[in-house]
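What the coordinates show
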Amino acid sequence: MLRAVSHSLLNISAATLRGLVSWFESNKREMPWRNTRDPYRIWVSEILLQQTQVATVEPYYNRFVKTFPNVEALAKAPLDKVLKVWEGCGYYARARNLHKAAKQIVAMGGKLPQSSHELRKLAGIGPYTSAAIASIAFGEAVQVLDGNVERVIARVTCEEGFITEKSVHSKLKATAEVWMQAAVKAELSPGALNESLMELGATVCKPREALCSDCPLKKVCVARKTRDDVTELPRKPVMQTTPHYDIGAAIVRKNGRILITKRPEKGLLGGLWEFPGGKKERGETLEECVRREMREELDIQVEVGTQIASVKHAYTHFKITLHCFECKHVGGEVKLLHVTDAKWVRPSELRNYAFPKADRVVLDILTNS
Ligand code: SF4
């Protein structure tokens, strides 16, 4: 009988929702953005939290709001400065979009829009982030459906379908809507319901471990009552293996300076500086790759010397090994063929530029050698 619940919306009582919110009030983790009602700060925190763990986000959040305390300060700052403050946090499109959206907000009068619908018109704000900001900062009754909330609802309703399927996502979303309406009827704040579910997913109903005996939803949770292992939900199709690329990069030296190049503003690591180079092609040696990349990107010739670093790094959908070589510039003037900018920089000044993580490891090797 209980299995039938998994294919219908799970109604939830006001008492259960009150229990959930009061569990949150007593158990929530301290986070700097939880002590503010400032929509700007809530927005910055939600963007930082999109791809990054809470513990990692905290220092970046503190640094970001200290450097750019309000939307005007962020809009006025040069993008290079924003990227430098963001450096190391990854997923740099988030920083570029924050900056772009700040300019949009200032052009609209300086205040963040209050509805999720209007918030979605800003750069970098999708359905999840708009719902989080609108409910937490402005009390709009719109439900958040991030990975944590999806997992909690999938387990409470014992959803057996693949989470990647559209119909499953729609079912979970419909349940979240029912819960939000029930919360509003019970005079609970929409932001509190969303934050409670997100916190429950992050700290109790975790991907590989469910602490069911501590859970405020244990009495209504169907997975807990019917399954031996609740962590098998939500179900996901088996992932393909992650591709790996070897990247050849050059530390090109001339007159005591090192050549760095800027990536195009759109796309992966957009607007960041790096040591020039690119993906090794099949059948090519790393040295050949470096010489070819210097010709194709910058129209220069280099003599490839010793390898000084080999750095592994994982992105969301692929992994790289960055092989870095000392190189001597032996011909050609730098032309911006496939880069946005290029500079010859003194080694002591390299840290003034925002670099991706793998290049920063190379930078550490360079400055410590
Ligand atoms: S009872 Fe267990 S499985 Fe169900 S929501 Fe709570 S922690 Fe998750």
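1. Describing the site of the ligand
- In the region of the ligand, the neighbouring residues are Arg-155, Val-156, Val-204, Cys-205, Cys-212, Cys-215, Lys-218, Cys-221, Arg-224 and Val-230.
- Tallied by class, residues from the shell around the ligand come to 7 nonpolar, no polar and 3 charged.

2. Comments concerning the pairing of strand β5 (residues 301–314)
- As paired strands, β5 and strand β6 (residues 319–331) are joined by 11 bridges and run antiparallel to one another. Paired with Val-302 across the bridge in β6 is His-329.
- Counting the residues between successive antiparallel strands, the hairpin from β5 to β6 contains 4 residues.

3. Brief notes about the packing of aromatic side chains
- Scanning the entire structure with this criterion turns up 8 aromatic pairs.
- Centroid distance Phe-275 to Phe-355: 5.4 Å. Interplanar angle 25°. Geometry classified as stacked. You can see Phe-275 sitting in the loop between β3 (273–274) and β4 (277–279) and its partner Phe-355 sitting in the loop between β7 (341–345) and α14 (357–368), a full 80 residues away along the chain.
- Through a chain of ring-to-ring contacts, three or more aromatic side chains come together here, namely Phe-64, Phe-68 and Trp-86.
- In this structure, Lys-279 packs its charged tip against the face of Tyr-245, placed 4.3 Å from the ring centre.

4. What to know about the packing of helix α2 (residues 39–49) against helix α6 (residues 93–107)
- At a closest axis distance of 10 Å, the pairing of α2 and α6 adopts a crossing angle of 155°. With respect to their mutual orientation, α2 and α6 come out roughly antiparallel. As for the relative orientation of α2 and α6, their crossing is right-handed in sense. On the side of α2, the interface is formed by Trp-43, Val-44, Ile-47, Leu-48 and Leu-49, while α6 contributes Arg-94, Leu-98, Ala-101, Ala-102 and Ile-105.
- A per-class count over the contact of α2 with α6 returns 9 nonpolar, no polar and 1 charged.

5. Concerning helix α11 (residues 190–203)
- The end-to-end C-alpha distance of α11, which contains 14 residues, comes to 20 Å, matching closely the 20 Å that a straight helix rising 1.5 Å per residue would cover.
- For α11, the tally of buried residues reaches 12 of 14 residues, placing the bulk of the element in the interior.
- For α11, every residue scored as buried is listed here: Pro-190, Gly-191, Ala-192, Leu-193, Asn-194, Glu-195, Ser-196, Leu-197, Met-198, Glu-199, Leu-200 and Gly-201.
- Where α11 is buried, its residues meet α1 (14–27), α8 (127–138), α9 (147–156) and α10 (166–185).

6. A few points about the pattern of salt bridges
- By the definition in use, this model includes 22 salt bridges.
- Between Arg-34 and Glu-195 there is a salt bridge, and its shortest N-O distance comes to 3.4 Å. In this pair, Arg-34 is assigned in the loop between α1 and α2 and Glu-195 in helix α11, connecting sequence segments 161 residues apart.
- Since its relative accessible area comes to 17%, Arg-34 is described here as buried.
- Across the pair Arg-34 and Glu-199 runs a salt bridge whose closest N-O atoms are separated by 2.9 Å. One end of the pair, Arg-34, is in the loop between α1 and α2; the other, Glu-199, is in helix α11, with 165 residues separating them in the sequence.
- On the basis of relative accessibility, which here comes to 1%, the residue Glu-199 falls in the buried class.
- Sharing partners across several salt bridges, the network here consists of Glu-281, Glu-284, Arg-292, Glu-293 and Glu-296.

7. Observations concerning the environment of Leu-119
- Within the secondary structure layout, Leu-119 lies in helix α7 (residues 116–119).
- Considering only alpha carbons, one finds Leu-119 and Ile-133, 14 residues apart in sequence, at a separation of 8.3 Å.
- Non-local contacts of Leu-119, meaning those with residues more than four positions away in its chain, are made with Leu-112, Pro-113, Ile-125, Ser-130, Ile-133 and Ala-134.

8. Digging into the nonpolar core
- Of all hydrophobic cores here, the largest spans 107 residues; its most connected members are Trp-43, Phe-64, Leu-74, Trp-86, Leu-217 and Phe-275.
- Among the elements that make up this core, the one with the highest residue count is α10 (7 residues).
- Mapping this core onto the domain boundaries places at least three of its residues in each of domain 1 (2–232) and domain 2 (244–368).
- Once residues within four sequence positions are removed from consideration, Trp-86 is found in contact with Ile-47, Leu-48, Tyr-60, Arg-63, Phe-64, Tyr-91, Tyr-92, Arg-94, Ala-95 and Leu-98.
- Ranked by size, the runner-up nonpolar core spans 14 residues in total, among them Val-252, Leu-259, Val-302 and Val-304.

9. Here's the deal with the domain arrangement of the protein chain
- Structurally, the protein chain comprises domain 1 (2–232) and domain 2 (244–368).
- The distance between the C-alpha centroids of domain 1 and domain 2 comes to 38 Å.
- Listed as interface residues are 9 residues of domain 1 and, on the opposing side, 17 residues of domain 2.
- Of the roughly 950 Å² buried between domain 1 and domain 2 on both sides combined, carbon and sulfur atoms contribute 46%.
- Contact with domain 2 buries area across many residues of domain 1, yet Glu-87, Tyr-92 and Arg-96 alone supply 46% of it, more than any other trio.
- Joining domain 1 to domain 2, the criterion identifies 1 salt bridge.
- Two residues, Asp-80 and Lys-262, come together in a salt bridge whose shortest N-O distance is 3.3 Å.
- Counting across the interface, domain 1 meets domain 2 through 8 residue pairs in polar contact (both at pLDDT 80 or more).
- Among the residues forming the side of domain 1 that touches domain 2, the class breakdown is 4 nonpolar, 1 polar and 4 charged.

Rules of the game
- Residues numbered from 1 in each chain as written.
- Predicted model: local features only at pLDDT ≥ 70, side-chain atom pairs only at ≥ 80, totals over all residues.
- Heavy atoms only, no water.
- Near = heavy atom within 4 Å.
- Nonpolar A, V, L, I, M, F, W, Y, C, P; charged D, E, K, R; others polar.
- Pairing = 2+ DSSP bridges.
- Helix = DSSP H or I, 4+ residues; strand = E, 2+ residues; numbered from the N terminus.
- Phe/Tyr/Trp six-rings, centres within 6.5 Å; stacked < 30°, edge-to-face > 60°.
- Lys NZ or Arg CZ within 6 Å of the ring centre and 35° of its normal.
- Axes fitted to C-alpha atoms, helices over the stretch in contact; angles between N-to-C directions.
- Parallel < 35°, antiparallel > 145°, perpendicular 65-115°, else oblique.
- Left-handed = near helix turned anticlockwise from the far one by under 90°.
- Contact = heavy atoms within 4.5 Å.
- Expected span 1.5 Å × (residues − 1).
- Buried < 20%, exposed > 50% of the residue type's maximum accessible area, 1.4 Å probe, protein only.
- Salt bridge = Lys/Arg side-chain N within 4 Å of Asp/Glu carboxyl O.
- Core = buried A, V, L, I, M, F, W, Y, C linked by side-chain atoms within 4.5 Å.
- Domains from an automatic or database assignment.
- Buried area = accessible area lost by both parts, 1.4 Å probe.
- Polar contact = N/O pair within 3.5 Å; in protein donor to acceptor, adjacent residues only side chain to side chain.

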